[in-house]
Amino acid sequence: MLHKYRLNGFNIVLDVHSGGVHLVDGLTYAMLDMIEPPFSETCPQNVVTRLSEEYAIEEIECCYKEIAELHEDNILFSEDDYERYAKTSIASPVKAMCLNIAHDCNLRCKYCFASTGDFGAGRKLMSLETGKKAIDFLIKQSGDRENLELDFFGGEPLMNFETVKQLVEYGRIKEKEYGKKIRFTLTTNGLLLDDDKINFINEEMSNIVLSIDGRKEVNDEMRITTGGNGCYDVIMPKYQKLVALRGDKEYYVRGTFTRNNLDFSEDVFSLYEQGFDQISVEPVVGDPAEEYAITLQDLPKIYNEYEKLADRILENEKKGNRFNFFHFMLDLDQGPCAIKRLRGCGCGNDYVAVTPDGDIYPCHQFVGVDEYKMGNVDDGTFDESIKAFFSKVHVYTKPECKECWAKFYCSGGCNANNHKFAGDVRNAHKLSCELQKKRIECAIALKAARQWDDEED
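Residues numbered from 1 in each chain as written. Predicted model: local features only at pLDDT ≥ 70, side-chain atom pairs only at ≥ 80, totals over all residues. Heavy atoms only, no water.

Engineer: In this structure, what is going on with the overall build of the protein? I would like to understand it.
Structural biologist: Of the regular secondary structure elements, the protein holds 17 helices and 16 strands. Against the compact-globule benchmark of 23 Å for 457 residues, the protein has a radius of gyration of 24 Å, which places it among compact chains. Taken over the C-alpha atoms alone, the protein extends approximately 75 × 45 × 45 Å along its principal axes. Intrachain contacts of the protein at a sequence separation of at least 6 include 69% that bridge at least 24 residues. When the accessible area of the protein is evaluated, it comes to approximately 20,800 Å², of which 46% is carbon and sulfur surface. Taking the average place of the 55 positive charges on the side chains of the protein and the average place of its 79 negative ones, the gap between the two points comes to 5 Å. (Helix = DSSP H or I, 4+ residues; strand = E, 2+ residues; numbered from the N terminus. Rg over C-alpha atoms; globule rule 2.2 N^0.38 Å. Contact = heavy atoms within 4.5 Å. Areas by Shrake-Rupley, 256 points an atom, 1.4 Å probe, with all protein chains shown as cover. Lys, Arg positive; Asp, Glu negative; His and termini not counted. Charge placed at Lys NZ, Arg CZ, Asp CG, Glu CD.)

Written out as structure tokens, the structure is:
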């Protein structure tokens, strides 16, 4: 399977099953639409006839031979070796947990998927006892895995900060007891940050996600306090202080864009200009009835904006300035393992979420979806059949994904979004798919431009 496109002056050919990316000339780009394996000793006459109006016959024959050699090397028209992994796909030990430490929030973001923090089930905080049982569950279900991850999430987790601190302490004890290493992370809206919390986060959290939408006017339109005010001026200096003190430890600022800010490259660069070099600005996936919701009709504008963003990033780098934009970070050399490419985040299989009531779900976005409730850490129940089901949810059990060129980059997309907006975890949510494909195209073109500039230098 091949995917061809033109961007930033490059003719780009992606060989889907090998992961090979080729920058080709116009002749090769045109010929690839006319031929397929098996290859003969010479270029088929009908292809020569069609191309000879623009290219010399010697050029055509040489190009055909080079394509055949690339096929022989299994980096063009390569066979699909991944489906065999899918057929032997098995349930994995749990390695990661989203701990919904607070089903409450001090913001009322208009696009919040969690019903402004309480997930539609009432505002509550997780008890220390339930949190400890969740950690015990993670360790028990992790089997022989040594490296585990636990993300403090909400709502707003800093509303339950004392419990966060005590659970980190408990986790450190259990690490030593069971020979594990827990990578703690936390996602916050920043309102409650102070020096004590900043110091604790920078000492104990392997990664910290700082939520902010971008420009002040964009952020304050969507991310408002319980009193109806914007939060930008409150959180920005706190984020800047946290990052300044963080050293080389991981973090990123996470923004969003809606129909109200389709010029989101301005938000990316606004965050960069405020001193952040690890940036994510992601599309809000929402009910199409909402005025802020992105629709398929917005795609042309969004495509142009992603291309504009890639150009701006490249120009910025030429001036000696560089930052990481999450959606353009693409490893074309090795990438994730085969199983990761097939199943993505591991939702419901090696990744779960736990609520303040101790309920276990496939991920934080499935919270409250009763058909996918997996058990409860307080009463010790865990439905292995749901886990087994999710272990088999991958690109080869999603009919639209199986035939898609981007399948090994998005791994079938977000299961929760597929369920909510496409009716089934195995259906593709078209809007999310189209956005992801455009980001991949821009990321590859950006990498090509960087390599081209390096060779020119």
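Engineer: Looking at this structure, how should I read the packing of helix 7 (residues 195-204) against helix 9 (residues 232-246)?
Structural biologist: Axes are the key here: two packed helices are described by the angle between their axes and the distance separating the axes. Running from N to C, helix 7 and helix 9 point in directions that differ by 40°, and their axes come no closer than 10 Å. Taken together, the axes of helix 7 and helix 9 lie oblique to each other. The hand of the helix 7/helix 9 crossing is right-handed. Across the interface between the two elements, D195, I198, I201 and N202 from helix 7 touch K238, K241, L242, L245 and R246 from helix 9. (Axes fitted to C-alpha atoms, helices over the stretch in contact; angles between N-to-C directions. Parallel < 35°, antiparallel > 145°, perpendicular 65-115°, else oblique. Left-handed = near helix turned anticlockwise from the far one by under 90°.)

Engineer: Sorry if this is basic, but what is going on with the sheet that holds strand 4 (residues 96-100) here?
Structural biologist: The strands making up a sheet associate through backbone hydrogen bonding, with each pair oriented either parallel or antiparallel. Spatially, eleven strands are ordered 12-11-10-9-8-7-4-13-14-15-16 in an open sheet, and the strand pairing comes out mixed. Strand pairing shows two members of the sheet lacking a second neighbour, strand 12 (324-325) and strand 16 (381-382), which therefore form its edges. With five bridges joining them, strand 4 and strand 7 (residues 147-153) adopt parallel strand pairing. Residue pairing across strands places M97 opposite L150, the latter belonging to strand 7. Across the sheet, helix 10 (residues 265-273) touches strand 10 (252-257), strand 11 (278-283) and strand 12, and the angle it forms with strand 11 is around 155°. (Pairing = 2+ DSSP bridges.)

Engineer: What should I look at first to understand the sheet that holds strand 1 (residues 2-7) in this one?
Structural biologist: On the basis of which strands lie adjacent, the open sheet formed by three strands has the order 1-2-3 and antiparallel pairing. The open sheet has two free edges, formed respectively by strand 1 and strand 3 (20-24), since each of these has just one partner strand. Geometrically, the sheet is characterised by an average inter-axis angle of 25° between neighbouring strands, direction not taken into account. Both strand 1 and strand 2 (residues 10-15) contribute to a ladder of six bridges, which runs antiparallel. Bridging from a neighbouring strand, K4 pairs with V13 of strand 2.

Engineer: Would you mind showing me how to read the nonpolar core here?
Structural biologist: Side chains of nonpolar character tend, in soluble globular proteins, to be buried together. L99, F152 and F328 are the most contacted members of the largest nonpolar core, which has 119 residues in total. For this core, the element with the most residues is helix 17 (residues 430-456), which contributes ten residues. Those residues in contact with L99 that lie beyond four places of it in its chain are M126, A134, L150, D151, F152, F153, L167 and V354. Ranked by size, the runner-up nonpolar core spans 20 residues in total, among them L51, I60, C63 and Y64. (Core = buried A, V, L, I, M, F, W, Y, C linked by side-chain atoms within 4.5 Å. Buried < 20%, exposed > 50% of the residue type's maximum accessible area, 1.4 Å probe, protein only.)

Engineer: How do you make sense of the state of the cysteines when you look at a structure like this?
Structural biologist: In protein structure, a disulfide is the covalent linkage between the sulfur atoms of two cysteines. What the rule picks out here adds up to zero disulfides. Between C63, a free cysteine, and C62, which holds the nearest cysteine sulfur, the sulfur-to-sulfur gap is 7.5 Å. The exposure class of C63 is buried, given its relative accessible area of 5%. Sulfur of C414: no disulfide; nearest cysteine sulfur belongs to C363 and is 5.9 Å away. (Disulfide = S-S within 2.5 Å.)

Engineer: Please clarify how the side chain of S270 should be interpreted in this entry.
Structural biologist: Along the chain, the position of S270 falls in helix 10. Note on S270: relative accessible area 13%, which makes it buried.

Engineer: Sorry if this is basic, but what is going on with helix 3 (residues 57-72) here?
Structural biologist: Since one α-helical turn is 3.6 residues long, residues separated by three or four positions face the same way. For helix 3, with 16 residues, the first-to-last C-alpha span of 23 Å sits near the 22 Å given by 1.5 Å per residue. Here helix 3 has its buried residues at I60, C63, Y64, I67 and A68. For helix 3, the angular spread of buried residues about the axis comes to 135°, placing them on one side. What points out from helix 3, more than 90 degrees from its buried face, is the exposed set E58, K65 and E72. Two residues or fewer past helix 3, N74 is found with a positive phi of approximately 65°. (Expected span 1.5 Å × (residues − 1). Arc of directions from axis to C-beta.)

Engineer: Would you mind going over the confidence of the model for the protein with me for this structure?
Structural biologist: Averaged over every residue, the pLDDT of the protein is 92; residues scoring 70 or more account for 96%. Confidence, read as mean pLDDT per element, is least for helix 12 (residues 338-343) in the protein (69) and greatest for helix 7 (98). (pLDDT = per-residue confidence, 0-100.)

Engineer: Just checking my understanding: could you explain the pattern of salt bridges for this structure?
Structural biologist: Oppositely charged side chains are able to pair whenever their charged atoms sit close together. Inspection of every chain in the model, using the stated rule, returns 31 salt bridges. When the shortest N-O distance is used, the salt bridge between K174 and E177 registers 3.2 Å. Of this pair, K174 and E177 both sit in helix 6 (residues 161-178), separated by three residues, roughly a single helical turn. For E177, a relative accessible area of 47% puts it in the partly exposed group. As a salt-bridge pair, R183 and E250 come within 2.4 Å of each other at their nearest N and O atoms. Highlighted residues: R183 in strand 8 (residues 181-188) and E250 in the loop between helix 9 and strand 10, separated in sequence by 67 residues. Taken together, the salt bridges that share partners define one network made up of E129, K133 and D378. (Salt bridge = Lys/Arg side-chain N within 4 Å of Asp/Glu carboxyl O.)

Engineer: Explain the pairing of strand 11 here, please?
Structural biologist: Where a strand is regular, its side chains alternate between the two sheet faces. Among the six residues in strand 11, five count as buried, and that is most of the element. Traced from strand 10 through helix 10 to strand 11, the parallel crossover comes out right-handed. Bridging between strand 11 and strand 12 involves two bridges; their strand directions are parallel. The residue bridging Q278 from the neighbouring strand is N324, located in strand 12. (Right-handed = clockwise from strand over helix to strand, strands pointing away.)

Engineer: Looking at this structure, how should I read helix 16 (residues 415-422)?
Structural biologist: Buried residues of helix 16: N415, A416, N417 and N418, and no others. Backbone geometry just after helix 16 places G423 at a positive phi near 90°.

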